[in-house]
Amino acid sequence: MISRESLAGWYRNRLVWVAVILLAVSAGAVVLVNRGDPETEPADLQTQIMARMRTTLEQADPGQHNHAGHNAQQAATGDKPAVICGVRVYGYEPSEVTALADVRTVYGFHLCGVAEQGRPWDVAVKLAGPVIMDMSSEPPGIQVVEATAEVMFTDRLRQMFPAKYAELALKEALAESEMADQRRRYDAAAGL
């Protein structure tokens, strides 16, 4: 027959073993989460590139990434309205680098709105399209893809972008989260 003391001792040992197992699993999970996984580095680099692209486009004069002759009206005070951009990175060269300082060329998409006071997004001047940024210069160079009288837009895109990025540029623009963030920042800049 099993006594009450032996039963309590068995449970006590069982709880100790459960605690030891939980502690080991928790420690293993912490190690896995904190380890330097090489696959996490490009995502961080991607975020850095997006931030650099956005900052560069927003600080540049709209004429540098102007499309089809759109010009923002300056306020009566002569202040330039803020330019609020959303970006998407299709890729960068050299593709094997892991540091922002080593990136030379970025291929992506930009959608910028000129945030004139009181002007809602739907009627704002917008600058949009595939863009190439030369990150080897300071400030980075901005080159937009536009059609000419002789060359159609898709042909011009294929001339300027590497094939793997050109195909993305023909299919994808901003992610929903990037567009939502851009609209929120635009409304704040336009005083809406």
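None of the values given here were measured: they were computed from a predicted structure. Counting of residues starts from 1 at the beginning of each chain's written sequence and follows it residue by residue. Totals for whole chains, interfaces and linings use every residue, but because this is a predicted model, local features are given only for residues with pLDDT of at least 70 and side-chain atom pairs only at 80 or more, for both listing and counting. For side-chain calculations, the full set of non-hydrogen atoms in the structure is used, while hydrogens and water are omitted.

A. Layout of the packing of aromatic side chains. When the centres of two rings from Phe, Tyr and Trp lie within 6.5 Å, Trp using its six-membered ring, the rings pair. Their planes under 30 degrees apart give stacked, over 60 give edge-to-face, and anything left gives tilted. Per the counting criterion, the structure on display carries three aromatic pairs. Judged by centre distance (5.3 Å) and plane angle (25°), the ring pair of Tyr 107 and Tyr 165 falls under stacked. In this pair, Tyr 107 sits in strand β2 (residues 105–115) while Tyr 165 sits in helix α4 (residues 163–171), placing the two residues 58 residues apart along the sequence. Whether a residue is buried, partly exposed or exposed follows from its accessible area with a 1.4 Å probe, protein chains only, as a fraction of its type maximum: under 20%, in between, or over 50%, in that order. Note on Tyr 107: relative accessible area 11%, which makes it buried. Aromatic pair Trp 121 and Tyr 186: ring centres 5.2 Å apart, planes at 80°, arrangement edge-to-face. Of this pair, Trp 121 sits in the loop between β2 and β3 (126–134) while Tyr 186 sits in helix α5 (residues 176–189), and the two are 65 residues apart along the sequence. By definition, any uninterrupted DSSP run of H or I lasting at least four residues is a helix, any uninterrupted run of E lasting at least two residues is a strand, and each is numbered from the N terminus.

B. Spotlight on the sheet that holds β2. Strand order in this open sheet of four strands is β1-β2-β3-β4, and the pairing throughout is antiparallel. Sheet topology places β1 (82–93) and β4 (141–144) at the edges, where each strand pairs with a single neighbour. Averaged over neighbouring strand pairs, the angle between their axes works out to 30° when direction is ignored. The pairing of β3 with β4 spans four bridges and is classified as antiparallel. Bridged to Ile 132 within β4 is Gln 143. The sheet strands contacting helix α3 (residues 153–160) are β2, β3 and β4, and the helix crosses β3 at an angle near 25°. Strands in contact with α4 are β1, β2 and β3; relative to β1, the strand with the most contacts, it is inclined by about 140°. By definition, two strands form a pair when at least two bridges between them are found by DSSP. With axes taken as lines fitted to C-alpha atoms, and helix axes fitted only over the stretch in contact, angles between N-to-C directions fall between 0 and 180 degrees. In this analysis, two residues are considered to be in contact whenever any of their non-hydrogen atoms come within 4.5 Å of each other.

C. Inspection of α5 at higher detail. Over its 14 residues, α5 runs 20 Å from end to end, which matches the ideal 20 Å to within 8%, given 1.5 Å per residue. Along α5, the residues that are buried comprise Glu 178, Gln 182, Arg 185 and Tyr 186. When α5 is viewed along its axis, its buried side chains cluster within an angular range of 105° and face the same direction. In α5, the exposed positions that point more than 90 degrees away from the buried face belong to Glu 176, Ser 177, Arg 184 and Ala 188. Multiplying one less than the number of residues by 1.5 Å gives the expected span of a helix. Directions from the helix axis toward the C-beta atoms define the arc.

D. Looking closely at α4. Residues of α4 that are buried: Tyr 165, Ala 166 and Ala 169. The buried residues of α4 occupy an angular sector of 105° when projected down its axis, which confines them to one face. Seen from the open side of α4, the exposed residues pointing more than 90 degrees away from its buried face are Ala 163, Lys 164 and Lys 171. Packed against the buried residues of α4 are β1, β2, β3 and α3.

E. Representation of the environment of Ala 51. Positionally, Ala 51 belongs in helix α2 (residues 40–59). On the accessibility criterion, Ala 51 (35% relative accessible area) is partly exposed.

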